[in-house]
Amino acid sequence: VRTVQYIHSVLRSCLYRAVKLGILQRNPIIGTSPPKAKYKEMKVLDEEEAQLLLITSRAKEDRYSALYQLALTTGMRQGELLGLKWKDINWDRKTITVQRQLARIPGGKLEFVQPKTRSSVRTISLGEMTIAILKEHQKQQFHESNQKGTCWQDFDLLFPASTGTPTNPSNLYYRSFKPLLKDAELPTIRFH
């Protein structure tokens, strides 16, 4: 549908130009309508399914278990979660500040960028359980980085790939999230 809408727009523009140049007397596309995109309702997990997802991730010792906890308790988007650094957490105030996101830029490269809107830069309060899970996650990550030694590249990320580098969002979805949904016998949904 989107392709047909795009073609309709290009044709309308070209034929409008032809009218302006005197090649055509009227634009034949006027009076036609491009197809409308069909609204597709977003599938989301209900509270019980979200709890099942978290329980399954902990049982599997999924390295992104803390990410799922944070996503479900704060509503942060995938790029925001993957852009978080340890310095963004205020342990005393029990808050986390979103000030960057991981995004794919033209050419396919991943890069840290400013959030799209000013309201996207925000400080979010965290519950006791989420703080405890993040502290445990930090210990596990410290242990993992020590095991990797010189192979670990320290970007100070909360949720890095297994070598410390930024996590590719596609890898997170296909190698962790989607298999986790299957193991928990939950419907396949988008991450957001």
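Worth saying up front: this structure is predicted, and the values here are computed from it rather than measured.

1. Let's talk about unusual backbone geometry
Here the phi dihedral of glutamate 61 falls at roughly 55 degrees; this positive angle occurs in a residue that is not glycine. Turning to its location among the elements, glutamate 61 is positioned in the loop between helix H2 (47-59) and helix H3 (65-74). The phi angle at lysine 94 is positive, at roughly 60 degrees, despite the residue not being glycine. Along the polypeptide, lysine 94 turns up in the loop between strand S1 (89-90) and strand S2 (95-98).

2. Regarding the packing of aromatic side chains
Applying the stated criterion to the full structure yields six aromatic pairs. Between tyrosine 68 and phenylalanine 191, the aromatic rings sit 6.4 Å apart at their centres with planes inclined by 45 degrees, giving tilted as the arrangement. Of this pair, tyrosine 68 sits in helix H3 while phenylalanine 191 sits in the segment after helix H6 (169-183), placing them 123 residues apart in sequence. Residue classification places tyrosine 68 among the buried residues on the basis of a relative accessible area of 1%. One aromatic cluster is present, built from ring pairs that chain together Tyr68, Tyr173, Tyr174, Phe177 and Phe191. Arginine 63 extends its terminal NZ or CZ atom over the ring of tyrosine 64, reaching a point 5.2 Å from the ring centre. Here the guanidinium or amino end of lysine 85 rests over the ring plane of phenylalanine 112, the centre of that ring lying 5.4 Å away.

3. Brief notes about the sheet that holds strand S5 (residues 122-125)
Ordered by their spatial adjacency, three strands build an open sheet running S1-S2-S5, and the pairing between neighbours is antiparallel. Taken across any chain shown, the strands that pair with only one partner, and hence form the sheet edges, are S1 and S5. Examined bridge by bridge, S2 and S5 share four bridges and lie antiparallel to one another. Within S5, the position partnered with valine 98 by the bridge is arginine 122.

4. Details of the side chain of asparagine 27
Relative to the helices and strands, asparagine 27 resides in the loop between helix H1 (2-20) and H2. You can call asparagine 27 buried: its relative accessible area is 5%. A polar contact of 3.3 Å, which involves the side chain of asparagine 27, links it to the backbone oxygen of arginine 12. Of the polar contacts made by the side chain of asparagine 27, one reaches the backbone nitrogen of isoleucine 29; its length is 3.0 Å. Not counting residues up to four positions away in its chain, the partners in contact with asparagine 27 are Arg12, Leu15, Tyr16 and Val19.

5. Describing the environment of arginine 190
Position of arginine 190 relative to the elements: it lies in the segment after H6. Along the chain, arginine 190 and proline 34 lie 156 residues apart, while their C-alpha atoms are 28 Å from each other. The residues touching arginine 190, leaving out its near neighbours within four places in the chain, are Met42, Tyr173 and Phe177.

Analysis parameters
- Residues numbered from 1 in each chain as written.
- Predicted model: local features only at pLDDT ≥ 70, side-chain atom pairs only at ≥ 80, totals over all residues.
- Heavy atoms only, no water.
- Helix = DSSP H or I, 4+ residues; strand = E, 2+ residues; numbered from the N terminus.
- Phe/Tyr/Trp six-rings, centres within 6.5 Å; stacked < 30°, edge-to-face > 60°.
- Buried < 20%, exposed > 50% of the residue type's maximum accessible area, 1.4 Å probe, protein only.
- Lys NZ or Arg CZ within 6 Å of the ring centre and 35° of its normal.
- Pairing = 2+ DSSP bridges.
- Polar contact = N/O pair within 3.5 Å; in protein donor to acceptor, adjacent residues only side chain to side chain.
- Contact = heavy atoms within 4.5 Å.

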